[in-house]
Amino acid sequence: MNTTLASARAWARALAAGVPRKREAVEVLACPPFPYLLPVAEAIAGSGVVLGAQNAYHEPPGAFTGETAVEMLLDVGCQYVILGHSERRHVLEEDDDLINRKVHAAVKKGLKVILCVGELLSEREAGKTESVLDRQMERGLAGIDAGSLALLVVAYEPVWAIGTGVNATPAQAESAHAHLRNWLLGRYNADVAEGMRILYGGSVKADNAAELLAQPNVNGALVGGASLKTESFLPIVDAAVRLAEH
């Protein structure tokens, strides 16, 4: 819940200038707050940046005051939506079942989903990281078949590392990502597991992005605070491009 109309436009124009064309190896996604989706869409038009939203509701358009339907997001040019972000889970108390309904609504309409999963500090300290991830994946993807997973991206965001300045070590990130990929292998099949992009989110910055993204099972980043200024976000994009192209 950041930015203003003026700063959103300026940010999007700078981002578009920094990513002037779509690169085969790296996809760059901007997910501004709902009021700024249209101006950001206009500013990034023709560039290599794709538009996404931070949330959606699971019902079709109708009498749901204050909510935003998947159809509306598609109408303004969104290709992606973030669902199950830790703040939606732990601040706004969304549970796995609600998130699952949202996943179904998005996939049904062809809107790509970034499904966020991750554990609290207390859960990590109690040795429950993997069981928490298993539960969030099982419930969040309930009823989603292997064919629909082409529209899915998974983002691992340890809650204790979001906005705290404390990122998971590359080894911790790789361990969690490998576990998620193994879960997909067991629940679906090898093609799904190998093809799934699993992003890391949690205090990703220019100075740690390359090491995190170099891990075998880390396929990208869900960037929070460092994305608010293009001066700190574009170096992360550049790190991803360098790794992907070499």
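Reading the values: rules and limits
- Residues numbered from 1 in each chain as written.
- Predicted model: local features only at pLDDT ≥ 70, side-chain atom pairs only at ≥ 80, totals over all residues.
- Heavy atoms only, no water.
- Phe/Tyr/Trp six-rings, centres within 6.5 Å; stacked < 30°, edge-to-face > 60°.
- Buried < 20%, exposed > 50% of the residue type's maximum accessible area, 1.4 Å probe, protein only.
- Lys NZ or Arg CZ within 6 Å of the ring centre and 35° of its normal.
- Core = buried A, V, L, I, M, F, W, Y, C linked by side-chain atoms within 4.5 Å.
- Helix = DSSP H or I, 4+ residues; strand = E, 2+ residues; numbered from the N terminus.
- Contact = heavy atoms within 4.5 Å.
- Salt bridge = Lys/Arg side-chain N within 4 Å of Asp/Glu carboxyl O.
- Pairing = 2+ DSSP bridges.
- Right-handed = clockwise from strand over helix to strand, strands pointing away.
- Arc of directions from axis to C-beta.
- Axes fitted to C-alpha atoms, helices over the stretch in contact; angles between N-to-C directions.
- Parallel < 35°, antiparallel > 145°, perpendicular 65-115°, else oblique.
- Nonpolar A, V, L, I, M, F, W, Y, C, P; charged D, E, K, R; others polar.
- Polar contact = N/O pair within 3.5 Å; in protein donor to acceptor, adjacent residues only side chain to side chain.

Undergrad: I'm lost on the packing of aromatic side chains in this one. Help?
TA: For any two aromatic rings, the description comes down to two numbers: the centre-to-centre distance and the angle of the planes. Considering all chains together, one arrives at 3 aromatic pairs under this definition. Note on Y57 and F64: the rings are 5.3 Å apart at their centroids and 50° apart in plane angle, and the pair reads as tilted. Judged by its relative accessible area of 34%, F64 falls in the partly exposed class. We note R187 situated over the ring of Y188; from NZ or CZ to the ring centre the distance is 4.6 Å.

Undergrad: Before we go on, may I ask you to explain the nonpolar core in this structure?
TA: Grouped burial of nonpolar side chains is what soluble globular proteins tend to show. Membership of the largest hydrophobic core comes to 68 residues, with the highest contact counts inside it found for V81, V113, L141, L149, L184 and Y200. When residues in this core are grouped by element, the largest group, 7 residues, is from helix 11 (residues 230–245). With sequence-adjacent residues up to four places away left out, L141 is seen in contact with N100, L115, Q136, L149, L152, W183, R187 and Y188. By size, the runner-up hydrophobic cluster in this structure holds 10 residues, among which are C31, V50, V153 and L199.

Undergrad: Would you mind going over the pattern of salt bridges with me for this structure?
TA: One pass over the structure, following the stated rule, counts 9 salt bridges. Its salt-bridge partner being R89, residue D96 comes within 2.7 Å of it at the nearest N-O pair. Of the two residues examined, D96 and R89, each falls in the buried class. Where salt bridges share partners, they join R88, E94 and K102 into one cluster.

Undergrad: Which parts of the structure should I look at to understand the pairing of strand 2 (residues 49–53)?
TA: Sheet faces and side chains relate simply in a regular strand, where the side chains alternate between the two faces. Extensive coverage of strand 2 is indicated by the burial of 5 of its 5 residues. Burial of strand 2 is two-sided: the residues V49, L51 and A53 facing one way and the residues V50 and G52 facing the other way are all buried. Relative to strand 2, strand 1 (residues 28–30) runs parallel, the two being bridged by 3 bridges. When the bridges of strand 2 are listed, V28 appears paired with V49. Remark: the strand 1/helix 2 (residues 37–44)/strand 2 crossover connection has right-handed handedness. Examined bridge by bridge, strand 2 and strand 3 (residues 80–83) share 2 bridges and lie parallel to one another.

Undergrad: Just to check I follow, could you spell out helix 2 for this structure?
TA: Working note: α-helix, 3.6 residues per turn, so residues spaced by three or four point in the same direction. Those residues of helix 2 that fall on the buried side of the exposure criterion are L37, P39, V40, A43 and I44. The buried residues of helix 2 all sit within an arc of 170° when viewed along its axis, so they share a single face. The first or second residue beyond helix 2 is G46, which carries a positive phi of 85°.

Undergrad: In this structure, what is going on with the environment of I198? I would like to understand it.
TA: By the secondary structure assignment, I198 is in strand 6 (residues 198–200). It is 30 Å that separates the C-alpha atoms of I198 and T4, two residues lying 194 residues apart in sequence.

Undergrad: What should I look at first to understand the side chain of S47 in this one?
TA: In this fold, S47 is placed in the loop between helix 2 and strand 2. On the basis of relative accessible area, S47 is assigned to the buried category, the value being 18%. In contact with S47, not counting residues within four places along its chain, are A16, V19, P20 and R21.

Undergrad: Looking at this structure, how should I read the sheet that holds strand 6?
TA: Paired through their backbone hydrogen bonds, the strands of a sheet run either parallel or antiparallel. Pairing is parallel in the open sheet, where 7 strands are placed in the order 1-2-3-4-5-6-7. Unpaired on one side and paired on the other, strand 1 and strand 7 (220–221) mark the two borders of the sheet.

Undergrad: Explanation requested: the packing of helix 5 (residues 96–109) against helix 7 (residues 129–140) in the structure shown.
TA: When two helices pack together, their arrangement is given by the angle between the helix axes and by the axis-to-axis distance. The interhelical angle for the contact between helix 5 and helix 7, taken along N-to-C directions, is 45°, at an axis separation of 8 Å. As the angle between them shows, helix 5 and helix 7 are arranged oblique. Touching D96, N100 and V103 of helix 5 are R135, Q136, R139 and G140, all from helix 7. For the contact of helix 5 with helix 7, the residue count by class is 1 nonpolar, 3 polar and 3 charged.

Undergrad: What am I meant to see in the side chain of N55 here?
TA: Within the secondary structure layout, N55 lies in the loop between strand 2 and helix 3 (70–75). A polar contact of 2.9 Å, which involves the side chain of N55, links it to the side chain of K102. Sequence-distant contacts of N55, defined by excluding residues within four places in its chain, comprise F34, L73, V81, I82, L83, R88, E94 and K102.

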